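Residue strings, one per chain:
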Amino acid sequence: NTDPPYMVLGDDWDQFESKEKFLDFTERWLCAVMPKVKPTGRAYISFSQWFQYDFFDIFRKHDFFGMTFGQTIIWYYKNNNQPSNRKEYRYMYEPIFYLYGPDAPPLNFTPDTYGEPQQNVWEIATPQSNFHEGKFHSAQKPIELYRRIIKTGSFDGDTVLDCFAGSGTTGFVCKEINRKCILIEK
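Reference entry: report on the structure contained in this document. (Residues numbered from 1 in each chain as written. Predicted model: local features only at pLDDT ≥ 70, side-chain atom pairs only at ≥ 80, totals over all residues. Heavy atoms only, no water.)

### Some points on the overall build of the chain
Secondary structure assignment for the chain yields four helices and six strands. Along its sequence from the N terminus, the chain presents helices and strands in the succession α-β-α-β-β-β-α-β-α-β. Per-residue burial for the chain yields a buried fraction of 42% across its 186 residues. Across the chain, contacts joining residues at least 24 apart in sequence account for 65% of those joining residues at least 6 apart. (Helix = DSSP H or I, 4+ residues; strand = E, 2+ residues; numbered from the N terminus. Buried < 20%, exposed > 50% of the residue type's maximum accessible area, 1.4 Å probe, protein only. Contact = heavy atoms within 4.5 Å.)

Laid out in structure tokens, this is it:
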């Protein structure tokens, strides 16, 4: 589970000289991380709508790093009031690329995950500073989003890797639902 830079925000950590440099950075970190995912593992990677097809092409170029491309989960957030290009429709979702290893067990669907968590479109509001969980990072993901990913994609005691940990949402959720985690941040 990870949420890498997208090259769409105004923050220093999300800036690149060009699209080519950004995609090169993306390919390099994927080549470093994906081979370390166990054959029983899964990968959930949030990415920008603007570059989602370039991202998919990197995966395809590397034969999905030996994994199966499961699908794209759509995180639908209807509380996005950011200005948009008036020639295009407003972005109201973010793709989450889901891949699984050749020996991955079935997803961890339990009675408390019936309904939307077992579907591939999830309606969850983006964090706001006035929300209970607060907002501490410009690209912070909601706790409920990570709770669904980690709960259905792993089992009690499993280890979750987040190589772009940001504000630590992955670690918070792992502690909450009894998963181990490795968090990496610059």
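Having seen it, we continue.
### A short note on the nonpolar core
Of all hydrophobic cores here, the largest spans 20 residues; its most connected members are Trp-29, Leu-30, Met-34, Ile-45, Phe-55, Phe-59 and Leu-99. Of all elements in the fold, only helix H1 (19-33), strand E1 (42-46), helix H2 (52-61) and strand E3 (93-100) reach the threshold of two or more residues within this core. Tallying contributions element by element places H1 first for this core, with five residues. Among all residues touching Met-34, those that are not within four sequence positions of it are Ala-43, Ile-45, Phe-59, Phe-65 and Met-67. Formed by 17 residues, the second largest nonpolar core is a distinct cluster that contains Tyr-44, Trp-122, Ile-149 and Val-160. (Core = buried A, V, L, I, M, F, W, Y, C linked by side-chain atoms within 4.5 Å.)

### Some thoughts on the packing of aromatic side chains
This model, assessed by the stated rule, comprises 21 aromatic pairs. Centre to centre, the rings of Phe-59 and Phe-65 are 6.0 Å apart; their planes meet at 85°, and the pair counts as edge-to-face. Each of the two residues, Phe-59 as well as Phe-65, counts as buried. (Phe/Tyr/Trp six-rings, centres within 6.5 Å; stacked < 30°, edge-to-face > 60°.)

### Some points on a nonpolar patch on the surface
A cluster of nonpolar side chains, contributed by Leu-161, Ile-182 and Ile-184, occupies part of the molecular surface with about 240 Å² of accessible area. Here Ile-184 is to be found in the segment after strand E6 (180-183). (Patch = residues over 30% accessible without salt bridge, like charges linked within 9 Å, V, L, I, M, F, W, Y side chains within 5 Å. Areas by Shrake-Rupley, 256 points an atom, 1.4 Å probe, with all protein chains shown as cover. Salt bridge = Lys/Arg side-chain N within 4 Å of Asp/Glu carboxyl O.)

### So, the sheet that holds E3
Spatial ordering of the open sheet is given by E1-E3-E2-E4, a layout of four strands whose pairing is mixed. Every interior strand has two partners, whereas the edge strands, E1 and strand E4 (121-123), have only one. Geometrically, the sheet is characterised by an average inter-axis angle of 20° between neighbouring strands, direction not taken into account. Where strand E2 (residues 68-76) meets E3, eight bridges bridge the pair, whose relative direction is antiparallel. Residue pairing in the sheet places Ile-73 in a bridge with Ile-96 of E3. (Pairing = 2+ DSSP bridges. Axes fitted to C-alpha atoms, helices over the stretch in contact; angles between N-to-C directions.)

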